[in-house]
Amino acid sequence: MGDLHLVVDRSAGGLAAQIAREVRDAVRSGRLGPGARLPATRDLARDLGLSRGVVVEAYEQLVAEGVLESRTGAGTRVATGAGRHAAEEPAGREGEGRPHYGHRPTSPDLGAFPRQAWLAAVRHVLATLPNDALDYSDPGGVPALRRELAAYLGRVRAADVTPEDVVILTGMAQGLSLVLHALARERGRGAVLAVEDPTSARQLPLLRRTGARLVPVPVDGEGIVVEDLPAGADAVLVTPAHQYPTGVVLSPRRRAALADWAARTGALVLEDDYDAEFRFDRDPVGCLQGLAPGRVVLAGSVSKALAPGLRLGWIAAPPGLARAVRLAREEFDLGSPVIEQYALAHLIASGAYDRHLRRMRREYRRRRDALVGALAEHLPRLAVRGISAGLHLYAVPDAVPDTVPDAGTDMVPDASALAAAARAAGLSAEVATPALGTAEGRPVGLVIGFARLPVHRVREAVRAMAEEVRTR
Ligand SMILES: Cc1ncc(COP(=O)(O)O)c(C=O)c1O
């Protein structure tokens, strides 16, 4: 693209923000359509008589927002999903600012997807895969990936898994769904499923669709309160490595108690290991499955490590259940696409998966530190928790009355208002609601994602959030 009409007021300052706003408006109005190529930063800087760094900063901001896409060698273009025909806002967000740093607080930084490594893996697969391997494959997943995952989960998560226990799925969501379907089929009724309270509201429809009856069990500072698990439960769904949403790590005492409970009652533990790759401050905590392989289903995916859009996940389950889920896959839909499975196997085998995770762990840690620091500075009455791992933090409004004389008010904004303020400031945030999201459950806290929040944007975003809180 040779030319782009932008109006910049040099006397007003904030030049990068002005350029970003102009380009964003042009995309939203349809003046710049999806795929449209933007001028090189050097050319635009020259056209506008500004330094190149200003234009680079504006482009970076728009890439972080998902408005632009930038690829080495291919320049910068309007993102395919951006603009007038972009997907609708998720329900419940109308009238609020668009979350610039990802719709879900738990999403990874998609700009950091290892495109080159994935491309190399797919290239390798296409160059070496025998023709027959492109036929219908094992509905439980291609053997090469099951082998790599079994070894990886043993090495990194201290899991006790053989390749036969692993079933490849289109994500953890499908894993949980098919395990609960299998339980329902075995029992001739929907499973009685204990769930953490608070929990991920997004998962509830999926769980209910299997016919499961959900029973909330409280979470405290050590994780799920095992002694409150209901008698007669068929299974419990837990997030031991980093409880969603509170971020609590299940204590060693509770882990042992949960394994005991499962052995005593014959119930299953469904271990949602959704973001365990990203731990920052504490010693690695192995998965629960390694403690009780006969009673625990370990569910994982690449949704946080690589990208949710790959829809690649797995379960490692006791043999009978692994067989039932594999059979369900055969009967429902004949299994997952094979090229991606071989590509992931190659990524793991070549060490590129581990290298990517190590790099992202460092980067996410920097982002987390910046967000925690900025919140402490600008919103000191927010108690921040659950930051030892994962891609989000959990914040609860501090209930202690404000003693600062000039603070003006004793009111502590509730979690909904805080989440709305965070979203208006461009942060990715949502409320955590107790009692399975029922109407009487008032939000208890909020979740703020930091994976897509570049360090140099943190202070500005949190300052804007604090300003929103004051003016609401
Ligand atoms: C707590 C939790 N569990 C499970 C999932 C679903 O993972 P997948 O994309 O592998 O289906 C998510 C996705 O955000 C999540 O936050």
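This structure is a prediction, so every number in the text was calculated from the model and none was measured. (Residues numbered from 1 in each chain as written. Predicted model: local features only at pLDDT ≥ 70, side-chain atom pairs only at ≥ 80, totals over all residues. Heavy atoms only, no water.)

### Regarding the UniProt feature "domain: HTH gntR-type" (unreviewed entry) in the chain
Point 1. The UniProt record marks residues 13-81 with the feature "domain: HTH gntR-type" (unreviewed entry), using the residue numbering of this structure.
Point 2. As a span, residues 13-81 carries 54% helix and 12% strand, and end to end its C-alpha atoms are 30 Å apart. (UniProt positions renumbered as here; feature names shortened; annotations may be inferred. Helix = DSSP H or I, 4+ residues; strand = E, 2+ residues; numbered from the N terminus.)

### Some words on the packing of aromatic side chains
Point 1. Counted by the stated rule, this structure contains five aromatic pairs.
Point 2. Both rings, one in phenylalanine 278 and one in tyrosine 364, keep their centres 5.0 Å apart while their planes meet at 85°; by these two values the pair is edge-to-face. Taken as a pair, phenylalanine 278 in the loop between strand S8 (268-272) and strand S9 (296-301) and tyrosine 364 in helix H11 (residues 352-378) lie far apart in primary sequence, 86 residues in all.
Point 3. Given the relative accessible area of 0%, phenylalanine 278 is considered buried. (Phe/Tyr/Trp six-rings, centres within 6.5 Å; stacked < 30°, edge-to-face > 60°. Buried < 20%, exposed > 50% of the residue type's maximum accessible area, 1.4 Å probe, protein only.)

### Remarks on the confidence of the model for the chain
Point 1. Averaged over every residue, the pLDDT of the chain is 89; the share at 70 or more is 90%.
Point 2. Segment residues 85-102: pLDDT under 50, and 38 contacts once partners within four positions in sequence are set aside and those in other chains are kept.
Point 3. Throughout residues 400-410 the model reports pLDDT below 50, and contacts reaching past four residues in sequence, or to other chains, amount to eight contacts. (pLDDT = per-residue confidence, 0-100. Contact = heavy atoms within 4.5 Å.)

### A word on the site of the ligand
Point 1. In the vicinity of the ligand there are 13 residues, among which Met172, Asp272, Ser301, Ser303 and Arg311 approach most closely.
Point 2. The separation between an oxygen atom of the ligand and a polar side-chain atom of lysine 304 is 2.9 Å.
Point 3. Here an oxygen atom of the ligand sits 2.8 Å away from a polar atom, N or O, in the side chain of arginine 311.
Point 4. When the ligand is considered free in solution it has 400 Å² of accessible area, and contact with the protein chains removes 91% of it.
Point 5. The residue makeup of the shell around the ligand, split by class, is four nonpolar, five polar and four charged. (Near = heavy atom within 4 Å. Polar contact = N/O pair within 3.5 Å; in protein donor to acceptor, adjacent residues only side chain to side chain. Areas by Shrake-Rupley, 256 points an atom, 1.4 Å probe, with all protein chains shown as cover. Nonpolar A, V, L, I, M, F, W, Y, C, P; charged D, E, K, R; others polar.)

### Things to note about the pattern of salt bridges
Point 1. For the coordinates displayed, the defined rule picks out 22 salt bridges.
Point 2. The salt bridge involving glutamate 186 is made with arginine 187; its shortest N-O contact spans 3.0 Å.
Point 3. Close ionic contact of arginine 470 with glutamate 467 constitutes a salt bridge, the shortest N to O distance being 3.5 Å. Residue arginine 470 and its partner glutamate 467 are located together in helix H13 (residues 455-471), separated by three residues, close to a single helical turn.
Point 4. Its relative accessible area of 58% is what places arginine 470 among the exposed residues. (Salt bridge = Lys/Arg side-chain N within 4 Å of Asp/Glu carboxyl O.)

### Some points on the domain arrangement of the chain
Point 1. For the chain, the assigned domains read domain 1 (16-87), domain 2 (116-350) and domain 3 (355-471).
Point 2. Counting residues at the interface gives 29 residues for domain 2 and 25 residues for domain 3.
Point 3. When the buried surface of domain 2 facing domain 3 is broken down by residue, His242, Phe278 and Phe280 rank first, second and third, together holding 30% of it.
Point 4. Summed over the shared surface of domain 2 and domain 3, the number is one salt bridge.
Point 5. For arginine 202, the salt bridge goes to glutamate 430, with nearest N and O atoms at 2.5 Å. (Domains from an automatic or database assignment. Buried area = accessible area lost by both parts, 1.4 Å probe.)

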